[in-house]
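Each chain, letter by letter, is given below.
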Number of protein chains: 2
Amino acid sequence: MSENVGRWLRDEIENAILSNEFRPGTRLDEMVLANRFGVSRTPVREALIQLGAIGLIEIRPRRSAVVVDLPPRRVYEMFEVMAELEGLAGSLAARRLDDDSRKAIASAHDRCERSAGAGDSDAYYYDNEEFHKAIYAASRSDYLAEQCAQLHRRLRPYRRLQLRVHNRLSTSFSEHRAIIEAIFAGDSETARKLLQAHVGIQGERFSDLVASIAAR
Amino acid sequence: MSENVGRWLRDEIENAILSNEFRPGTRLDEMVLANRFGVSRTPVREALIQLGAIGLIEIRPRRSAVVVDLPPRRVYEMFEVMAELEGLAGSLAARRLDDDSRKAIASAHDRCERSAGAGDSDAYYYDNEEFHKAIYAASRSDYLAEQCAQLHRRLRPYRRLQLRVHNRLSTSFSEHRAIIEAIFAGDSETARKLLQAHVGIQGERFSDLVASIAAR
DNA sequence: ACTTGGATTTCTGTATACAATTTCATTGCG
DNA sequence: CGCAATGAAATTGTATACAGAAATCCAAGT
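Some thoughts on the overall build of chain A
- The helix and strand inventory of chain A stands at 11 helices and three strands.
- Reading the helices (α) and strands (β) of chain A from amino to carboxyl end gives α-β-α-α-β-β-α-α-α-α-α-α-α-α.
- Counting across all 216 residues of chain A, residues that qualify as buried make up 48%.
- Summarising the internal contacts of chain A: among those between residues at least 6 apart in sequence, 72% fall at separations of at least 24.
- As presented, chain A carries roughly 10400 Å² of accessible surface, and 47% of it is formed by carbon and sulfur atoms.

Pasting the structure below:
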């Protein structure tokens, strides 16, 4: 349990939302949550307020908070920004790469190779996250890394859908290879472009995603 | 007053921080704030929690919240991300420009011209903000516009310092002219580059800013 | 059957109470 | 003179109480 109940609850509820237990549109009754976690309403409210500030839930005065339902258009916009920031992270990483970062990226890439080879989509999902985080860290910009990680987490449910698409797993992995090459070669512009494309909102790939969102 | 006391307090305290009444490092005692605003500690806490989630203050469990003091390095990183997002907004605006957005940008630009001509730095500061917001809106990406506006607000105190720099006001205005030309011509790549440069973290300009932060 | 009006219940917003922890000052010792 | 220990005061975290707004329900009328 975290250092105080409010933060712990924030994490619990956030997980419940991101893992789709609390679906978009679900009303979050403070008393129900308080009972479920065996605490009073006060820390529940504090957790909800934090989630509201992040944009994960909507807090309407005098009415229950509800899990926000992102319209496909907005998901698209978020991927668009994500692509831009990932591209920036990649280009900075290519310029500022040092030995530790190089090792971290390479080892994350190896783990991706293993899980991709095994066809283990869940494991790949996790390793992929680590790979991207290694690139954020290599950018040497803490703020950028935080923003990227936050968006990454926020878009997690939609990325999951993306990975289910036919062949996405092996495609993703081969894209990683090219990205690593560019970063290790110090080619910042190529790294940027490849990462932007990798986040993948161009053309048909995103239409597929939108279709899966609509079909959910 | 807002719809509930918590939100109102959040805005009040946020303003006090951004206007530098509550300086970085200041301890925010809940009881002191409650007395000052004539309310109980409960809504004060809720306001603080929201500001903590935004990153404006730091909430350390069992100790007072304090106004965050951004290290120069982090300010630099934030400007770096801001430049990237402004660039994206500009390039999208160039591609997606419609008649209403064109008019909004042009009129904001006119107002900038007036205040720049009058040498009114405070007025220009406000009009400049509107000019940038018009570009965000023209990007037709609500999410991007929100992110830009948020960062813009967060960096407000540092932008103010920037404007005080010698000749910055007229330089800024002539940069606007070039940006508008690129956007109106539909030249997305030029718009992106000009806006990135306009946010201005390259070379000596940013060193000046860092110097002013350190000298504050 | 469907709507409308009002009573009733439920739930949120704020205040207050109390326990637990931190902070601060004071005292005692090296 | 500096530093550690101890105790009091201040401050935070959580629970609870209560008032007021919203949601719900039910009955009467069209």
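That was the structure; now back to the text.
Quick word on the environment of Glu21(B)
Residues and elements named next belong to chain B.
- With respect to the helices, strands and loops of the structure, Glu21 is situated in the loop between α1 (5-18) and β1 (27-28).
- Owing to a relative accessible area of 45%, Glu21 belongs among the partly exposed residues under this scheme.
- Those residues within four positions of Glu21 in sequence are excluded, and the remaining contacts are Ala16 and Arg36.

Quick look at the interface of chain B and chain A
- Of the residues lining the interface, 32 residues belong to chain B; the matching set on chain A comes to 32 residues.
- Interface area lost by chain B to chain A is led by Ile49(B), Glu84(B) and Tyr143(B), which between them contribute 22%.
- At the boundary of chain B and chain A, one finds 16 residue pairs in polar contact (both at pLDDT 80 or more).
- Of all the secondary structure elements, the ones that give two or more residues to the side of chain B that touches chain A are α3 (41-54), α4 (72-96) and α7 (142-154) of chain B.

Regarding the sheet that holds strand β1 (residues 27-28) of chain A
All names here are of chain A.
- The sheet built from three strands is open, its strands ordered β1-β3-β2 with antiparallel pairing. Bordering the open sheet on either side are β1 and β2 (57-58), each of which pairs with just one other strand.
- Judged from the two bridges that link them, β2 and strand β3 (residues 65-67) form a sheet pairing that is antiparallel. Bridging across to β3, Glu58 finds its partner in Val66.

Re the packing of helix α5 (residues 99-117) of chain B against helix α6 (residues 121-138) of chain B
Residue and element names in this part refer to chain B.
- Packing of α5 against α6 brings their axes to within 9 Å, and their N-to-C directions diverge by 165°. Taken together, α5 and α6 sit at an angle that is classed as roughly antiparallel. The way α5 lies across α6 gives a crossing that is left-handed. Only Ala123, Tyr124, Asp127, Asn128, Glu130, Phe131, Ala134, Ile135 and Ala138 of α6 make contact with α5, whose side of the interface consists of Ser101, Ala104, Ile105, Ala108, His109, Arg111, Cys112, Ser115 and Ala116.

Details of helix α2 (residues 30-37) of chain B
All names here are of chain B.
- Leu33, Ala34 and Phe37 are the residues of α2 that are buried. For α2, the arc enclosing every buried residue in end-on projection is 100°, short of the 170-degree limit, so these residues lie on one face. Those residues of α2 that are exposed and angled more than 90 degrees off the buried face are Val32 and Asn35.
- Where α2 is buried, its residues contact α1, β1 and α3.
- Capping the start of α2, Asp29 holds a side-chain oxygen 2.8 Å from the backbone nitrogen of Met31, two or three residues further along.
- A positive phi of about 70° marks Gly38, the residue just after α2.

Notes on the relation of the copies chain B and chain A
- Between the two copies, chain B and chain A, the superposition gives an RMSD of 0.1 Å; the rotation angle is 180° and the shift along the axis is 0.0 Å. Here the copies are linked by what is in effect a two-fold axis.
- Of the residues that chain B buries at the interface, 100% are likewise interface residues in chain A, meaning the two copies contact each other through the same surface.

Focus on the protein's contact with DNA strand D
- Taken together, 19 residues sit near DNA strand D, with Val5(A), Ser40(A), Thr42(A), Arg41(B) and Arg45(B) positioned nearest.
- Per the 4 Å cut-off to the protein, sugar and phosphate atoms form 65% of the nearby atoms of DNA strand D.
- Within the side chain of Ser40(A), an N or O atom sits 2.6 Å from a phosphate oxygen of DNA strand D.
- The contact in question runs from a base nitrogen of DNA strand D to an N or O atom on the side chain of Arg41(B), over 2.9 Å.

Side note on the protein's contact with DNA strand C
- Inspection of the region around DNA strand C gives 19 residues, with Arg45(A), Arg62(A), Val5(B), Ser40(B) and Thr42(B) positioned closest.
- Backbone atoms, meaning sugar and phosphate, form 70% of the atoms of DNA strand C found within 4 Å of the protein.
- Within the contact set of DNA strand C, a base nitrogen lies 2.9 Å away from a side-chain nitrogen or oxygen of Arg41(A).
- In the model, a phosphate oxygen of DNA strand C is placed 3.4 Å from a nitrogen or oxygen of the Ser64(A) side chain.
- Of all the elements in the fold, those that place two or more residues in the surface near DNA strand C are α3 (41-54) of chain A together with α1 and α3 of chain B.
- Here the surface near DNA strand C takes three residues from α3(B), the largest share from any one element.
- For the surface near DNA strand C, the per-class residue count stands at five nonpolar, five polar and nine charged.

Side note on the environment of Leu88(B)
- Looking at the secondary structure, you find Leu88(B) in helix α4.
- Overall, the relative accessible area of 4% leaves Leu88(B) in the buried class.
- Discounting chain neighbours no more than four positions away, the residues touching Leu88(B) are Glu80(A), Val81(A), Glu84(A), Leu144(B) and Arg192(B).

Observations regarding the sheet that holds β1(B)
- An order of β1-β3-β2 (chain B) is seen for the three strands of this open sheet, with the pairing classed as antiparallel. Of all strands in the sheet, those bounded by a partner on one side alone are β1 and β2 (57-58) of chain B.

Some words on the side chain of His198(A)
Residues and elements named next belong to chain A.
- Tracing the backbone through its elements, the reader meets His198 in helix α10 (residues 188-199).
- What makes His198 buried here is its relative accessible area of 6%.
- In terms of polar contacts, His198 uses its side chain to reach the side chain of His176, at 3.2 Å.

What about the packing of aromatic side chains?
All names here are of chain A.
- Under the counting rule described, the total for this entry stands at two aromatic pairs over all chains.
- Taking 5.8 Å as the distance between ring centres and 80° as the angle between the ring planes, the aromatic pair formed by Trp8 and Phe37 counts as edge-to-face. In this pair, Trp8 sits in helix α1 (residues 5-18) while Phe37 sits in helix α2 (residues 30-37), placing the two residues 29 residues apart along the sequence. In terms of burial, Trp8 and Phe37 fall into one category: buried.

Parameters at a glance
Sequence order as written defines the numbering, with residues in each chain counted from 1. Here every chain gets a letter starting at A, and every ligand a number starting at 1, in the order they are written. Given that this is a predicted model, residues contribute local features only at a pLDDT of at least 70 and side-chain atom pairs are listed and counted only at 80 or more, while totals for whole chains, interfaces and linings are drawn from all residues. Excluding hydrogens and water, the side-chain values take into account all heavy atoms of the structure. Every helix listed is a DSSP run of H or I at least four residues long, and every strand listed is a run of E at least two residues long, numbered separately from the N terminus. With a 1.4 Å probe rolled over the protein chains alone, any residue whose accessible area is under 20% of its type maximum counts as buried; one over 50% counts as exposed, and the rest are partly exposed. Contacts were defined at the residue level, with two residues in contact if any of their heavy atoms lie within 4.5 Å. To measure how exposed things are, a 1.4 Å probe is used in the Shrake-Rupley method; for residues, cover is taken only from the protein chains shown. What gets called buried area is simply the loss in accessible area from a 1.4 Å probe that two parts show on being joined, summed for both. Polar contact is defined as a pair of N or O atoms within 3.5 Å, subject to the rule that within protein one atom must be able to donate a hydrogen and the other to accept it, and that residues adjacent in sequence are counted only when both atoms are side-chain atoms. For two strands to pair, DSSP has to find at least two bridges joining them. Helix axes are fitted to C-alpha atoms over the stretch in contact, other axes to C-alpha atoms as well, and angles between N-to-C directions run from 0 to 180 degrees. Note that the term roughly parallel is reserved for angles under 35 degrees, roughly antiparallel for angles over 145, roughly perpendicular for angles of 65 to 115, and oblique for everything else. Take the far helix as your reference; a near helix turned counterclockwise from it by less than a right angle gives a left-handed crossing, and one turned clockwise gives a right-handed crossing. Directions from the helix axis toward the C-beta atoms define the arc. When the copies are superposed, the least-squares fit takes in the C-alpha atoms of residues with a pLDDT of at least 70 in both. In these notes, residues near a molecule or strand are those with any non-hydrogen atom within 4 Å of it. Here the term charged refers only to Asp, Glu, Lys and Arg, the term nonpolar to Ala, Val, Leu, Ile, Met, Phe, Trp, Tyr, Cys and Pro, and the term polar to all other amino acids, Gly among them. Working definition: rings of Phe, Tyr and Trp (its six-membered ring) pair if their centres are within 6.5 Å, and the pair is stacked with planes under 30 degrees apart, edge-to-face with planes over 60 apart, and tilted otherwise.

So, to be careful, I would describe these as geometric facts and stop short of saying anything about function.
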